[in-house]
Amino acid sequence: MATFPLKILTPDGVAYDGPAVSVSCRTINGQVQLLAKHIDFCTALGMGEAHIKLEDGTTRRAACMGGMLSMLKGECRLLATTFEWADAIDAERAARSKTRAEEMLAQKNLDKRDMELAEARLKRALVRSSVAARKDI
Amino acid sequence: MAGSMKEIKLRIRSVESTMQITKAMELVASSKLRRAKERVEGSRPYFETLYETLFDIVRTDSAFDSPYLAKRETNRRLYIVIAGDRGLAGGYNANILKAIEADAAGSDYCVLPIGKKAVEHFERRKANVLTTAFAEAGDLSVSDCFEISRLVCQKFLAGEFDEIRLGFTQFVSMLTQTATVLPVLPFDAKRPEPGHERESLMLYEPDGKAVFDAIIPEYLAGVVYGALCESVASEQGARRMAMDAATKNAGEMIDHLNLYYNRARQAAITQEITEIVAGADAES
């Protein structure tokens, strides 16, 4: 299948740089998938699972949160705040962070900021554990 | 004479031990500097692309309006100031704090200090401090920067501040670091004339404004993180230079003291010989 150059960048450095057959991830508008020869495109990312299909047919999964996805002159760039390959996720840490966030949210007298922080933490933990749990694909 | 010889010897020893400390600090700073530089280089492509994208959206699309773009009359400014946690880094802390004072002179402003030295400085000055939750510049991670960005964006949208500026030290080279004050919000870019709607064929999903508004907090976090990395590298660079100079000075001082010591020793020997000769003369 036709491939296109894909660059995955995070604030910590480059997570992937090479050809890909397709890239699929969660945006603010829902799940999208880009293939080669897509028109110039740009959107912001939500929180969810990303699938990168490589040239040899294997699919790599990752937790991908925040940032943007763009396709410019056939080159695709995925800028993610957090991008963790499924095999690199620390499932135990995600589970711990989930329980901690739930405990925080259980308290009644939270102010708005703490509430938002706890919610964001819970969301991140849920995405991470769901990506890590699905080892089948 | 013997007394002064002992004093000089002690002095030499104390300077030597100071020199050992400054030398060790220099080595630590250079190894930390290397790591900090790697961090700066690793994060650069991410933020540069973000900035370019934002810039492109604003430049090519005049059809939307965002609160992040609107220029308001500046009544209240927020300064995000990044300084170091420790001293002994030459002019590093003083330079950035002075640059902020000069930039803010006469206006009503509020600060968000990052780094212990910045916190101490603005508390002593009794300036309006937004929060001191980010006192440790060395320990801040990407997620802390996102928290800062969320907080600042919220305040900006609520109208508490009309302009956000970021004060940090730019790492120009190993030898030069410059204190810089950079306006970050409202986002400054040239808008096209109304009527020239879209030039590019880029498809923004769902639309330019939504993408822009979603990316701005990321961009701000990115700028803060980038500035933080630069500042940490600058601090280590400045400390390395200061400690290098201190080590050199200590070396010179030891050379001088050694000279005095040898002179004193020679004088003592000469005196002894004179006394012996005088004694022998008296005998005969």
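Residues numbered from 1 in each chain as written. Chains lettered and ligands numbered in written order. Predicted model: local features only at pLDDT ≥ 70, side-chain atom pairs only at ≥ 80, totals over all residues.

As annotated in an unreviewed UniProt entry, chain A carries the name ATP synthase epsilon chain and is attributed to Subdoligranulum variabile. Entered under Sequence similarities (unreviewed entry) in the UniProt record, the comment concerning chain A runs "Belongs to the ATPase epsilon chain family." Recorded under Function (unreviewed entry), the UniProt text for chain A is reproduced unchanged: "Produces ATP from ADP in the presence of a proton gradient across the membrane." (UniProt positions renumbered as here; feature names shortened; annotations may be inferred.)

A. Broad picture of the sheet that holds strand E2 (residues 109-114) of chain B. Residue and element names in this part refer to chain B. Taken together, the five strands give an open sheet; going across it, the order is E3-E2-E1-E4-E5, and neighbouring strands pair in mixed fashion. Two strands in the sheet have a free side with no partner beyond their single neighbour: strand E3 (128-129) and strand E5 (177-185). The sheet contact formed by strand E4 (residues 163-171) and E5 spans eight bridges and is antiparallel. Paired with Phe168 across the bridge in E5 is Thr180. Sheet contacts for helix H5 (residues 208-283): strand E1 (77-82), E2, E4 and E5; angle to E4, the most-contacted strand, approximately 35°. (Pairing = 2+ DSSP bridges. Helix = DSSP H or I, 4+ residues; strand = E, 2+ residues; numbered from the N terminus. Contact = placed C-beta atoms within 7 Å. Axes fitted to C-alpha atoms, helices over the stretch in contact; angles between N-to-C directions.)

B. Region of interest: the pairing of strand E2 (residues 13-20) of chain A. Residues and elements named next belong to chain A. Relative to E2, strand E1 (residues 4-10) runs antiparallel, the two sharing seven bridges. For Phe4, the partnering residue across the bridge sits in E2 and is Ala20. Linking E1 back to E2 in an antiparallel pair, the connection comprises two residues.

C. Inspection of unusual backbone geometry at higher detail. Backbone geometry places A:Lys37, a non-glycine residue, at a positive phi of 65°. Note that A:Lys37 resides in the loop between strand E4 (30-35) and strand E5 (41-44).

D. Local environment of the domain arrangement of chain A. Residues and elements named next belong to chain A. Taken as a whole, chain A is organised into domain 1 (4-87) and domain 2 (90-133). Listed by partner, the interface residues are eight residues for domain 1 and six residues for domain 2. Elements supplying a minimum of two residues to the side of domain 1 that touches domain 2: strand E6 (47-53) and strand E7 (59-72). Among the residues making up the side of domain 1 that touches domain 2, the classes are represented as five nonpolar, one polar and two charged. (Domains from an automatic or database assignment. Nonpolar A, V, L, I, M, F, W, Y, C, P; charged D, E, K, R; others polar.)

E. Seen up close, the nonpolar core. Residues and elements named next belong to chain B. Grouped together as the largest cluster of nonpolar side chains are 97 residues, with contacts concentrated most on Val81, Leu220, Val224 and Leu228. Counting residues per element, this core draws most heavily on H5, at 19 residues. Contact partners of Leu220, with chain neighbours within four places excluded, come to Ser149, Val152, Cys153, Val184 and Leu185. (Core = buried A, V, L, I, M, F, W, Y, C linked by C-beta atoms within 7 Å. Buried ≥ 20, exposed ≤ 12 C-beta atoms within 10 Å, placed from the backbone.)

F. The interface of chain B and chain A, seen in detail. Facing the 22 residues of chain B at the interface are 21 residues of chain A. At the level of elements, helix H1 (2-60), helix H4 (142-157), strand E6 (203-205) and H5 of chain B are the ones that each hand at least two residues to the side of chain B that touches chain A. When grouped by side-chain class, the residues that make up the side of chain B that touches chain A number 15 nonpolar, five polar and two charged. Two elements, E5(A) and E6(B), share three bridges in a ladder whose sense is parallel. Looking across to E6(B), one finds that A:Phe41 is bridged to B:Leu203.

G. Fine view of the packing of H4(B) against H5(B). All names here are of chain B. Interhelical geometry of H4 versus H5 gives an angle of 125° and a closest axis separation of 8 Å. When the axis of H4 is compared with that of H5, the two are oblique. Crossing handedness for the pair H4 and H5: right-handed. Across the interface between the two elements, Val142, Cys145, Phe146, Ile148, Ser149, Arg150, Val152 and Cys153 from H4 touch Ile216, Pro217, Leu220, Ala221, Val224, Tyr225 and Leu228 from H5. Partitioning the contact of H4 with H5 into residue classes produces 13 nonpolar, one polar and one charged. (Parallel < 35°, antiparallel > 145°, perpendicular 65-115°, else oblique. Left-handed = near helix turned anticlockwise from the far one by under 90°.)

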